[in-house]
Every structure is written in C-alpha cells, then in structure tokens.
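Coordinate inspection notes
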Amino acid sequence: MSKILYVSSEAFPLIKTGGLADVAGSLPIALSNLSEDIRLLLPAYPQVMQQTENVKQLASGTYYNFKVSLLETQLPNSKVPVWLVHCPAAFDRPGSPYMDSDGQPWHDNALRFAVFCKVAVDIAMNKLNLRWQPDIVHGNDWQSGLIPALLQPCKQRPATVFTIHNLAYQGLFNYQTFLDLELPAELWHPDALEFHDQLSFIKGGLVFSDRINAVSPTYAHEILQPKYGNGLSGLLQHRQTRLSGILNGIDHSIWNPATDPHLAACYDTTTLDQKSVNKLALQKQFDLPIDAKIPLIGMISRMVEQKGLDIILQGMAEMLAMPLQLVILGTGDIHYEMQLMEWSRKYPERLKVIIGYNEPLSHLIEAGSDLFLMPSAFEPCGLNQLYSLRYGTLPIVRNVGGLADTVIDASKQNRANATANGFVVTHQSSTALLTTLKHALTLYALPEAWRQLQLTAMNGDFSWAHSAKHYIELYQQALADRDQTAD
Ligand code: ADP
Ligand code: GLC
C-alpha cells in the first residue's frame, strides 16, 4: 500500500469542466478499492464548498500573503478523503475554475495555481503537521505542474508522477509572472520552466517528474511527433524512457444504461429495445419529428478546434440533406456556437443545438442517440466515445489518440470477427467524415448487423479495473526512479 496525494484542479461531482474531472472523480476511488491510501487535493471553489458536508480544518498558513486553510471532506459516494485548498482570494469566485464570464482566463491564474501547488508541496514535505506524508504525488495537467519542479531539490521527497490529459493547455505566462511568483531563479532555463521566453507550468511536470504518462497509449506515442507535440515533442523525446500511456477508465456506477437515473428508460444488452424510448424522449423534448426509425446522431462536446467542429461545419449542408437527426450539446468558442445555431435555425426538423453545460441531458443524449459524433483532430483519450460504447450508441471517431485505442471500425473484416464497435474516419476532412457517415447509415438500415455492433460495443470493458493497476505499477516505477536519482 502506498500513500498517494492525487492533485487535480477539478473532480466530478464536485466541479467539472471536462474529462479531467471524470478521471479525478473515479480513478482515486478505483485506487482506494485496491487498498491504496489516497487523498485528493482540490481547490475549494464555491461549487465545491456548496456540495461538501462535515468539513474539518486540518491546517492553515499564508501563501503569497493570502490566508489559506486546508479543509477535509469526502468524495461523495466513496471513502476517499478530499483535501481542499481554501483560499478565498484565489478560488472563491463565481463561474468557471479557469475563466471569467467573458471567456478569458482569470488574470491571476498563475498566482491561483501557484498557491495550489505550494500547498501540495508543503503537504508532500510534511510541513503542515498532518501526520501523513505521501510516498507519491500524482499531478494532473498544467495546474499542478509546478509541484515536481519545486519538489525536485528536496531531500526525502515523495516520488512524482505527472499525467498529461491535454498538451494543448500549458499554463504559459510572462517573465514578470515568473518573478512575481518568486520561483527559484535556476528554474528560469530552457531545461526547466522557460519555454520560448515564457513561464510554462506544464514543463514543471514534464521536465521534473519521475514518471510521466499520457491518458492513452496512442497519444503517448503521438506527442513525440511535432504534429501533436505542441512544441514539446523534443522534450518528450528526451524523456521518452519515463513516458508511458495508460488508457482512462470510466465510472460504471455513473455511466450505466441499466441504472442511469437521467434516462427515460433504462436498458442493458438483454433489453436493448428499450433504448428507443430514450430516442423518442429526446425527439419530444427538442421538438424534432417523432420517428423511431430515423437515425439520430448525438454530440456532446466542448466547442473548441480540438473536437473537429471545422469539418462538421464544412460538411453540415450535405449532412443535413441526409435522412437523419442531429442533437448537439456543448459550449465553448462563440464562433462555433453561432454557426451551429445558424444551421439549426435553417433546419429545425433536422438539427437541435443546445448551448450550455447540462449533465443530466448529456446522459439522455448518450442513451437516445444511435450514433455519436466525435471526429476530433486530436484526442488524448476521450471519454464520450467510451460512454457511447457502453450505451450502445456507436461512435464515429477519428483514428487519433484514445479514440484509435478504443473504437474499432465496422469494416467487413472486423464485423466478420465481431470486433467492430463503431466507425473510424481516417482523415481530418469533411469528405472523409461524410464517407464514414454514409457507411454508418448503410449499416443502420440493416437491423441485425447494427444490433451485433451495439452488443460488441456494450460488452467492451472500459472500467478502471485494468488501468488502475497500471497506475499502481507506474507509482512503483516512479519510486524506483526517484531512488536512483537520489543515489
Ligand atoms: P474533454 O475532456 O477534452 O472535454 P472528454 O471526452 O474526455 O473530453 O470528456 C468530456 C466530458 O465532459 C464528458 O464527461 C462529457 O459528457 C462532458 N461534457 C462536455 N461538454 C458537456 C456539456 N456541454 N454538458 C454536459 N457535459 C459535457
Ligand atoms: C482531456 C482530453 C480528453 C481526455 C480527458 C481526461 O480533457 O482532451 O481527451 O479524455 O482530458 O483524461
């Protein structure tokens, strides 16, 4: 059993903007079930405080002149302790954890997450009298990137693991910010936190962690190439022996069509006919023509370039000329939101666009759709295609990252050996997307073939069972690497 401090800037159900929250809200539970002694460290945003009960203060201190207290609560429906960094000046503000109401990053993000990282470092070095010092500090994404950099010179430090959920978000700030944060001067170096004259939080994780992993094997491989490396492929090549890929799992207690409370009708592989009740509910809710037979395509996504919205928009006219319905839920870049709304005004009987973030609706869309659209330009892992598989909603995906690791195309051969579970677009173009979509619609017209694909999808096992064990191995490797470095 190891003591693990799991550091994340979001965790479901306390606070969520994307897949990181799903992972941080479920992997610690899986590790705890494997008898690891794990604590989750999270900023005390107002949304988090509203949901927590029996909060206990563990410690307090001052960081960058801000008063900070460390509070303890529990991850709902689990035994995992959550430690909250309660710093009202940094985290007690409405809205998104990362952005203001204009969609701009909070002006003081560097300071906010530097506070967060420094508290983590003090816990790691047992400076808060908690009588619990971790063996491993496991950080996620740029918001926890400073931790390995600050721990590196410390004697008797825990081993560090850093998980890359998305290399496109790096936490870049100017040199003045580096000075303002009073970081050790030697960290201003291209072999440390400097990145083209900027301060890079993510480099702290990539340069200094004992072990790095990406959230799928294919993405771990892709980021070694400039095309997917966001300027960091050289560094990652240099650290290649410490880099691996571990596929995310999904939380079966939350994403399970047999028990999901957000559905109009629950179902499993033996009651698959009930799935269409959800489709009718979706059509009714969004004033689409009620028709059990018409293929319904769902999409739930942050509306950003990563998610393939360009090729969807380019192909939209042709797509909406086909006999199908499309329901899109998401929020993000305003120009994507506006173009999609425009299309939905023109084709109200074909396309429904819901701008916003809506957790219950996302479950109903997963259940009520026949196909799920996710033609990402890159995708570190992707969770929505995994939820889709579990709900018998066949995903249409690009062959990149975690999508390539989880979706097997319905080619003739893959169908013959019953491994096919979705549809794979092989180029990032609207033409390729439309070709794949047409193929999907052809198979949709063959109920028996379709049902076989659904059953293969639903029977796949993407639970945390395997991946959590891989993380335990990774922790062991990190401990060994740390000891070697210390010699
Ligand atoms: P990413 O983390 O890049 O956004 P993932 O597929 O890993 O992509 O995870 C996205 C998660 O966020 C899923 O749980 C998805 O259902 C959820 N999600 C994204 N947009 C919305 C939305 N508008 N409403 C509800 N849930 C959303
Ligand atoms: C990121 C990635 C997504 C991944 C998620 C959780 O947001 O974009 O692909 O599934 O993190 O690891």
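Look up: the structure comes first, before these words.
Quick summary incoming for the structure in this document. All values derive from a computational prediction rather than experimental measurement. (Residues numbered from 1 in each chain as written. Chains lettered and ligands numbered in written order. Predicted model: local features only at pLDDT ≥ 70, side-chain atom pairs only at ≥ 80, totals over all residues. Heavy atoms only, no water.)

This next bit is on the environment of Tyr357. Within the element layout of this structure, Tyr357 appears in the loop between β15 (351-355) and α15 (359-368). For Tyr357, a relative accessible area of 47% puts it in the partly exposed group. Leaving out residues up to four positions away in the same chain, Tyr357 has contacts with Lys16, Thr17 and Thr331. Of the polar contacts made by the side chain of Tyr357, one reaches the side chain of Glu359; its length is 3.0 Å. (Helix = DSSP H or I, 4+ residues; strand = E, 2+ residues; numbered from the N terminus. Buried < 20%, exposed > 50% of the residue type's maximum accessible area, 1.4 Å probe, protein only. Contact = heavy atoms within 4.5 Å. Polar contact = N/O pair within 3.5 Å; in protein donor to acceptor, adjacent residues only side chain to side chain.)

This brings us to the site of ligand 1. Within the structure, ligand 1 sits among 22 residues, and Gly19, Asp22, Arg302, Lys307 and Gly356 are positioned closest to it. Arg302 places a polar side-chain atom, nitrogen or oxygen, 2.7 Å from an oxygen atom of ligand 1. Within the side chain of Lys307, a nitrogen or oxygen atom sits 2.8 Å from an oxygen atom of ligand 1. Contact with the protein chains removes 93% of the 560 Å² of surface that ligand 1 exposes when unbound. Of all the secondary structure elements, the ones that give two or more residues to the shell around ligand 1 are α1 (19-24), β13 (296-303), β14 (325-332), α15 and α16 (384-390). It is β13 that contributes the most residues to the shell around ligand 1, three residues altogether. Of the residues contributing to the shell around ligand 1, the split by class is six nonpolar, 10 polar and six charged. Shared between two domains, the shell around ligand 1 holds at least three residues of each, these being domain 1 (3-249 + 465-486) and domain 2 (272-461). (Near = heavy atom within 4 Å. Areas by Shrake-Rupley, 256 points an atom, 1.4 Å probe, with all protein chains shown as cover. Nonpolar A, V, L, I, M, F, W, Y, C, P; charged D, E, K, R; others polar. Domains from an automatic or database assignment.)

Right, let's talk about the pairing of strand β2 (residues 37-43) for a bit. The buried fraction of β2 amounts to seven of the seven residues, a majority that puts the element mostly inside the structure. Direction of pairing for strand β1 (residues 3-7) relative to β2: parallel, over a ladder of five bridges. Opposite Lys3, over in β2, you have Asp37 as the bridge partner. Pairing of β2 with strand β5 (residues 81-86) involves four bridges; the strand directions are parallel. Its bridge partner being in β5, Leu41 is matched across the sheet by Trp83. (Pairing = 2+ DSSP bridges.)

This part covers empty space enclosed by the protein. Taken as a whole and judged by the stated rule, the model has three cavities of 30 Å³ or more. In this structure, the largest cavity spans a volume of roughly 70 Å³. Lining the largest cavity we find Phe12, Lys16, Asp22, Gly25, Ser26, Asp251, Ile254, Trp255, Glu359 and Tyr387. Quantified by volume, the second largest cavity comes out at close to 40 Å³. Where the lining of the second largest cavity is concerned, the elements lending two or more residues are β3 (56-63) and β4 (66-74). If one sorts the elements of the lining of the second largest cavity by residue count, β3 sits on top with four residues. (1 Å grid on protein atoms, 1.4 Å probe; cavity = no way out; pocket = protein on both sides within 12 Å on 5 of 7 lines; lining within 4 Å. Points joined across faces, edges and corners; volume = space filled by probe spheres on them.)

Before going further, it helps to spend a moment on the site of ligand 2. Around ligand 2, a shell composed of 14 residues is seen, among which His165, Asn248, Glu379, Cys381 and Gly382 lie nearest. Contacts to ligand 2 include Asn166, whose side-chain N or O atom sits 3.3 Å from an oxygen atom. The contact in question runs from an oxygen atom of ligand 2 to an N or O atom on the backbone of Gly382, over 2.8 Å. The fraction of the free accessible surface of ligand 2 (310 Å²) that becomes covered by protein chains is 93%. Top element by residues in the shell around ligand 2 is α1. It accounts for three residues. Residues belonging to the shell around ligand 2 are distributed by class as follows: six nonpolar, six polar and two charged. When we break the shell around ligand 2 down by domain, the ones giving at least three residues each are domain 1 (3-249 + 465-486) and domain 2 (272-461).

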